[in-house]
2 protein chains.
Amino acid sequence: MKPGQGWVRWIEVEKPSLSNNTADVQRLEKSLMDELDTSRVRIPLSVVQTLPSRLRSWEFRAKAVVFRDRNDWRVIDLISPVSEKPILGAAIDIGTTRIEMSVLNLETGLEIAKMGFDNPQSVIGPDVLTRIHYSAKPGGLRELNRLVMDAVKQNLSLLCTANGYATEDIYIVTAAGNTAMTHLFLGIESFDIIREPYIPCTNIPDTLTARSLSLDIHANALVYLFPNIGSYFGGDLIAGILFSDLDQKEEPCLMVDVGTNAEIVVGSGEFLIACAGAAGPALEGGMSKMGMTAGPGVIDRVWVDPDTREIRFHAIEGQQPVGICGSGMIDLAAALFVSGRIDIRGKFSETACGQSLIDRDGILSFVLVEAGLSGTGEPILLSQVDLNSLTSSKAAMYTILEVIVKNTAGLEFTDLKKFYVAGTFGSFINPVSAISIGMLPDIPLSAFEVLGNSSLGGAKLLLTNPDAFDRILKIRQSITYMELNVNQEFMNMFSGAKFYPHTDAARFPSVKVS
Amino acid sequence: MKPGQGWVRWIEVEKPSLSNNTADVQRLEKSLMDELDTSRVRIPLSVVQTLPSRLRSWEFRAKAVVFRDRNDWRVIDLISPVSEKPILGAAIDIGTTRIEMSVLNLETGLEIAKMGFDNPQSVIGPDVLTRIHYSAKPGGLRELNRLVMDAVKQNLSLLCTANGYATEDIYIVTAAGNTAMTHLFLGIESFDIIREPYIPCTNIPDTLTARSLSLDIHANALVYLFPNIGSYFGGDLIAGILFSDLDQKEEPCLMVDVGTNAEIVVGSGEFLIACAGAAGPALEGGMSKMGMTAGPGVIDRVWVDPDTREIRFHAIEGQQPVGICGSGMIDLAAALFVSGRIDIRGKFSETACGQSLIDRDGILSFVLVEAGLSGTGEPILLSQVDLNSLTSSKAAMYTILEVIVKNTAGLEFTDLKKFYVAGTFGSFINPVSAISIGMLPDIPLSAFEVLGNSSLGGAKLLLTNPDAFDRILKIRQSITYMELNVNQEFMNMFSGAKFYPHTDAARFPSVKVS
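Now for a quick tour of the structure. (Residues numbered from 1 in each chain as written. Chains lettered and ligands numbered in written order. Predicted model: local features only at pLDDT ≥ 70, side-chain atom pairs only at ≥ 80, totals over all residues. Heavy atoms only, no water.)

**So, the interface of chain B and chain A**
How big an interface is tends to be stated in terms of the accessible area lost upon association of its parts. Facing the 45 residues of chain B at the interface are 45 residues of chain A. Taken over both partners, the interface formed by chain B and chain A buries close to 3,600 Å², and the fraction arising from carbon and sulfur atoms is 51%. Together, Leu45, Glu189 and Cys201 of chain B form the three largest contributors to the area buried by chain B at its contact with chain A, with a combined 16%. Counting every contact that joins chain B to chain A gives four salt bridges. Note that Asp192 of chain B is salt-bridged to Arg56 of chain A, the shortest N-O span being 3.2 Å. Applying the counting criterion to the chain B and chain A interface returns 24 residue pairs in polar contact (both at pLDDT 80 or more). Residue contributions to the side of chain B that touches chain A peak at five residues, all from helix H1 (residues 24–36) of chain B. (Contact = heavy atoms within 4.5 Å. Buried area = accessible area lost by both parts, 1.4 Å probe. Salt bridge = Lys/Arg side-chain N within 4 Å of Asp/Glu carboxyl O. Polar contact = N/O pair within 3.5 Å; in protein donor to acceptor, adjacent residues only side chain to side chain. Helix = DSSP H or I, 4+ residues; strand = E, 2+ residues; numbered from the N terminus.)

**Here we look at the packing of aromatic side chains**
Throughout the structure, instances matching the rule amount to 28 aromatic pairs over all chains. Ring centres of Phe419 of chain A and Phe448 of chain A lie 4.9 Å apart, and the angle between their planes is 50 degrees; on these two criteria the pair is classed as tilted. One end of the pair, Phe419 of chain A, is in strand E20 (residues 419–422); the other, Phe448 of chain A, is in strand E21 (residues 448–452), and 29 residues separate them in sequence. You can call Phe419 of chain A buried: its relative accessible area is 0%. Classification of Phe448 of chain A as buried rests on a relative accessible area of 11%. Taking the centre distance of 4.5 Å and the plane angle of 55 degrees together, the rings of Trp7 of chain B and Phe67 of chain B count as tilted. Here Phe67 of chain B lies in strand E3 (residues 61–68) and Trp7 of chain B lies in the segment before strand E1 (8–12), a separation of 60 residues in the sequence. (Phe/Tyr/Trp six-rings, centres within 6.5 Å; stacked < 30°, edge-to-face > 60°. Buried < 20%, exposed > 50% of the residue type's maximum accessible area, 1.4 Å probe, protein only.)

**Some points on the relation of the copies chain B and chain A**
Think of it as a corkscrew move, a rotation about one axis and a shift along it, taking one chain copy to the other. Between chain B and chain A, which share one sequence, the superposing operator has a rotation angle of 180 degrees and an axial displacement of 0.0 Å; the RMSD is 0.1 Å. On the angle and the small slide along the axis, the relation comes out as a two-fold axis. Residues of chain B ranked by C-alpha distance from the rotation axis are headed by Asn71 of chain B, positioned 3.8 Å from it. A symmetric contact is evident, with 100% of the interface residues of chain B recurring at the interface of chain A. (Least-squares fit on C-alpha atoms with pLDDT ≥ 70 in both.)

**Topic: the pattern of salt bridges**
Tallied over the entire structure, the rule returns 56 salt bridges over all chains. Ionic pairing is found between Arg471 of chain A and Asp245 of chain A, a salt bridge with its closest N-O pair at 3.0 Å. On the criterion of sequence distance, the pair formed by Arg471 of chain A in helix H14 (residues 467–478) and Asp245 of chain A in the loop between helix H7 (235–244) and strand E11 (253–258) is long-range, its members being 226 residues apart. On the basis of relative accessibility, which here comes to 11%, the residue Arg471 of chain A falls in the buried class. The partner of Arg195 of chain B in a salt bridge is Asp192 of chain B, with the nearest N and O atoms 3.0 Å apart. You can call Arg195 of chain B partly exposed: its relative accessible area is 39%. Connected through salt bridges with shared partners, the residues Asp24, Arg27 and Arg56 of chain A together with Asp192 and Arg195 of chain B form a single ionic network.

**Overview of the pairing of strand E10 (residues 222–225) of chain A**
All names here are of chain A. Along E10, one buried face is formed by Leu222 and Tyr224 and the opposite face, lined by Val223 and Leu225, is buried too. As judged from the four bridges shared by strand E8 (residues 170–177) and E10, these two strands associate in the parallel manner. Pairing of Val173 across the sheet is with Val223, part of E10. (Pairing = 2+ DSSP bridges.)

**A short note on the sheet that holds strand E16 (residues 323–324) of chain A**
All names here are of chain A. The sheet built from three strands is open, its strands ordered E15-E14-E16 with mixed pairing. Only two strands of the sheet have a single neighbouring strand rather than two, namely strand E15 (311–315) and E16. Relative to the sheet, helix H8 (residues 326–338) contacts strand E14 (298–304), E15 and E16, its axis offset from that of E14 by approximately 20 degrees. (Axes fitted to C-alpha atoms, helices over the stretch in contact; angles between N-to-C directions.)

**Quick notes on the packing of helix H4 (residues 128–135) of chain B against helix H5 (residues 140–162) of chain B**
All names here are of chain B. Between H4 and H5, whose axes approach to 7 Å, the crossing angle comes to 130 degrees. When the axis of H4 is compared with that of H5, the two are oblique. Each of Arg131, Tyr134 and Ser135 in H4 lies in contact with H5, whose residues at this interface are Gly140, Leu141, Glu143 and Leu144. (Parallel < 35°, antiparallel > 145°, perpendicular 65-115°, else oblique.)

**Structural notes on H1 of chain B**
Residue and element names in this part refer to chain B. Between its first and last C-alpha, H1 extends 18 Å over 13 residues, near the 18 Å set by a 1.5 Å rise per residue. Three or more residues of H1 are buried, namely Asp24, Val25, Gln26, Arg27, Leu28, Glu29, Ser31, Leu32 and Leu36. On its buried face, H1 is in contact with E1, strand E2 (41–42), helix H2 (45–49), helix H3 (51–57), E3 and strand E4 (73–79). Positive backbone phi, at 55 degrees, marks Asp37, one or two positions downstream of H1. (Expected span 1.5 Å × (residues − 1).)

By themselves, these figures tell us nothing about what the structure is for.
Here it is in structure tokens:
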């Protein structure tokens, strides 16, 4: 970022004289209006109260820390032009499961600290639905709000202290979460999000004072929550679009955020189409049910040994394997398929699997790790039931991609110049494996790009780039949100996608079974 | 005022449906934007937090209490459409000497209670200058601010309680005062108001939350302070212009507010010219030094008995006379002049006064009440020194009027369709007497109109009339403020005006000496 182009501006206020006896505030406003190219500036009372002496002692120069709301530019504080006091901002991804925070220096744009912690609302329930039901009980909303706010306060304080800063050094907080998490963060009644016709209380939260949220940071600090499109399309995804620059692309690109639901946006500077939310029984649970969370001993990569044709794996930190995570599952399915161990219908081939296939409680299961080599003393298996579930998930993912790219946007997969994969889960997927099983379309590997936590990325981007403010509102306004319609046509497409890689194998020219 | 046209609006929010699943806040905003004919509405977090359940229990209808700031319409609260809970506003005139308050019902526009009390900052000093000097001492500003705010809080609470209301029933406060009083009310550094080049900290205070001023009224209440034009032209005078409708007149009118300084505005819907502030040594003290404050036994009216040609007087409440107030002084001077007891140079005529004229410490004095008839045991006198002072004051007043009306606005006094006299002092002046001594111009009596406390009147008007908001900013912006230039030309005009009624007697055809 260019110094003096972010939320901290160097300003010079015209000195008063008998020929210009306009008040200090109005001369300051003029200087800010010129600097910010706006006609609307708001200055808080506490800054006004001591403005005359401060302006004069600074010889009418100052650093102005500013932020925006939908209508106005807002001054947070004025600081001595020679001050070297840190001016910080915090970006937060309010995940249902995990909350990630970054602290940035607003003058340099550099990240100076970051941390993540589990969303303490999990004690009420692991998922959004349980929490919203709880929020409707007496005191429930308040408790959920307290849980998250206390944790944010506490961790922000820890993060600042550990890095030699004070919480008062934080002037701006930008936060993105799904619609329910955003509502609970602000203490807003959330029940109608899950009750037909599925109405959030707000689509566009106002920029708020930290004080109104009892956030104990700079006295005039402002807090911005990313807007949402609806109950099932949250600010986290808008932050992701911002982070991926999808709204500024010259050619169409796609972003998929693989979480509890697969959320997909396709578009460019000219159009944005999004599809998100539960997509009927076929997709329930989505990709997230697959496998366990990554951790020591968890198998995260699986491949076929080119020489022996045996299935090889990698366990995290090289420890004895204890289970498989999502990306490992996709790798495993791909390895089994390309080596002919599962057929195009997604069923184990008894001949190809040989002794690796066992019958366990009447269900065929592929033994990836024998009991003796496993860290748990139990074999690590992929059962036909697990595989069927993965088949459904990958078919759902492909079908949704097909619906949005082909049927809705009228594009071919090959028209996509970039294919962004966001979310923690997405970070570890091997695109080759995902293509091999027909979960992702067969486009050049160079098109795939992992975004990581794009929600946090978007929140951080807004901390360093004032232009992002208008982009967010524009993204929100221009996006076409499509409810996934699980009709007969969808089910037909879905059936085709349940094959490996697809009933129409010509769509996957790069996938070879050997 | 028309019900539903003030700051309390009846709104209906579109019900949500699967085909309109916009969030509650955005549907509320739409309804408010339509109602208020604006594109900018702000809703506080506390209203948002409980909006879903409240809107639904009210079947999507509500009373919205709104107010404005320079950029936006702001919701203060939503109230059940069937609520009969009082919705009140308070108007305050923050006078240097006295503070006047009115409480109005915002739905009917009716005044339901009022009171006045002395500005407790008087313990620091009676005048603006002393207080501003004090404000620059350590803790001084805080103390001055506390004094006025505590008194306002306490009296507002008393006023509400005495009339069966709660302070929480007050949603809006509008207040007008001179520039210094406005700054001290808001706790803003004021020192540069009195230091060359005489710069207020702010010309246009923002609409503030009552909470930020620690005013203990409705939790979301807003407080509006009238803007000023400069250090010597305060919000009280802008409130007066609003109250007099000067800015909407088809033909030129004039308003004079006689206080410590004579503040004068002449204009119409097409132009506004103002002149205010200290006008050099000749005017120091202005009209306000004349006479004592009205009270029991104070002589407030004086006239010549048409039969006996004796000087008669009226003392307030018919009690034994104890002194003369300002309006009594003007009456007395007029009576003495029209009866030939003082000459055109403003000197006592020994022949005409006869025994009523005594020598006291070498100074000629006219005995209005002999010692035996006075309530103090001392005679009530008008000395030549008093008279000279009054002559200077009346001449200054006339000269300023002449400068602004003739030299600046290019009008004749007879072009003025209305001549408004504002301020407590102004309320009691007899225009016939003021014309007789040449203090006010000789225009038809029907043109004179007493406004009373026009500052409070303007503040009340804004509580009942949202259109006033834009008028205030327009008045502020369009007014031409003229510093009174006490040059040779002024002094020549002033000299002519020191005669009774004027050196050019033809200007006062109605004044006859007999």
